[in-house]
Every structure is written in C-alpha cells, then in structure tokens.
Amino acid sequence: METEKFQKYERAVKHVRELKEFYQHAAVFVGFLMVLFLFKQRIIDFILAKTEHTGSGFLDWIHININLIPFIWGASVAIHGLYVYRLKFTFFKDWENRKIQELMHEEEQKNTVDWK
C-alpha cells in the first residue's frame, strides 16, 4: 500500500516537472516571437551588415528563415503540449468500442433463433 502511494507521488512529481518545462518552453517561445517581430528589420539589417552577401536571393533566404522559424518552433511547442497534457484522440477509441459492440450485437442476433 505504501509503495503504491509512493509510485503515485513519483508520477505526480514527474508530471509537474513536465508541465513546468512545457510552460518554460512556451514562455521562451512567446518572448522570442515578441523580440523577432518587434526587431525583425533590425535583425535583417544586422545580418546584412555582417556579411558581404547583399543580393536579392540572400535577402529572400533571410526573410524565409526569419518567417519559418516561428512556425517550426510553434509546431514543436504544440507537440510538447500534446505530450505533456497526454491528450489522446478518443474519437478512434470510442469508434472502435462502438463498432465492437455493434458487431457483437449483430452476432448475438444471428445466433438467436426465433422458433415461434
């Protein structure tokens, strides 16, 4: 009995740690987005000043990367959140259970013979 309580406690501690890490991940992401969108042009100017590549292709590449980073990082934050909150897509499991019950009922009906 005592070990079961201890195991529950350990699982709860682990889950709280995972939640904390997710909140930190989300907070850093939001902070990064604010800095990126507030200082986007300054960041681009800084990159262009530090490099000798100034062609339009390089500038397009910088814009694509600056705009793509939030989407990729946002997807990783979303996946992290799904993992931490242990969201399960129950639609498929519910459908599976309903279908099993339906087929069992049909099989039951076939095996029942009405001899009136």
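Structure: above.
Keep in mind it's a predicted model, so treat the numbers as computed, not measured. (Residues numbered from 1 in each chain as written. Predicted model: local features only at pLDDT ≥ 70, side-chain atom pairs only at ≥ 80, totals over all residues. Heavy atoms only, no water.)

A. Molecular detail of the packing of helix H2 (residues 40–50) against helix H3 (residues 56–84). Between H2 and H3, whose axes approach to 11 Å, the crossing angle comes to 135 degrees. Between H2 and H3, the angle is such that the two are oblique. H2 and H3 meet at a crossing whose hand is right-handed. Listed contacts from H3 to Lys40, Ile43, Ile44, Ile47 and Leu48 of H2 are Phe58, Leu59, Ile62, His63, Ile66 and Asn67. A class-by-class count of the residues in the contact of H2 with H3 yields eight nonpolar, two polar and one charged. (Axes fitted to C-alpha atoms, helices over the stretch in contact; angles between N-to-C directions. Helix = DSSP H or I, 4+ residues; strand = E, 2+ residues; numbered from the N terminus. Parallel < 35°, antiparallel > 145°, perpendicular 65-115°, else oblique. Left-handed = near helix turned anticlockwise from the far one by under 90°. Contact = heavy atoms within 4.5 Å. Nonpolar A, V, L, I, M, F, W, Y, C, P; charged D, E, K, R; others polar.)

B. Quick peek at the nonpolar core. Counting residues in hydrophobic clusters, the biggest one holds six residues: Leu19, Phe22, Phe29, Leu33, Val77 and Val84. The element contributing the most residues to this core is helix H1 (residues 2–38), with four residues. Setting aside anything within four residues of it in sequence, one finds Phe22 in contact with Val77, His80, Gly81, Val84 and Tyr85. (Core = buried A, V, L, I, M, F, W, Y, C linked by side-chain atoms within 4.5 Å. Buried < 20%, exposed > 50% of the residue type's maximum accessible area, 1.4 Å probe, protein only.)

C. Structural detail: the packing of aromatic side chains. With the rule as written, the count across this model stands at five aromatic pairs. A centroid spacing of 5.4 Å and a plane angle of 65 degrees characterise the contact between Phe29 and Trp73, whose relative ring orientation is edge-to-face. On the criterion of sequence distance, the pair formed by Phe29 in helix H1 and Trp73 in helix H3 is long-range, its members being 44 residues apart. Residue class for Trp73 comes out partly exposed when judged on its relative accessible area of 23%. On the numbers, 5.8 Å between centres and 20 degrees between planes, the contact of Phe58 with Trp61 is stacked. One end of the pair, Phe58, and the other, Trp61, are both in helix H3, three residues apart, so they sit about a helical turn from each other. Every member of this aromatic cluster is reached through a ring pair, and the members are Phe22, Tyr23 and Tyr85. (Phe/Tyr/Trp six-rings, centres within 6.5 Å; stacked < 30°, edge-to-face > 60°.)

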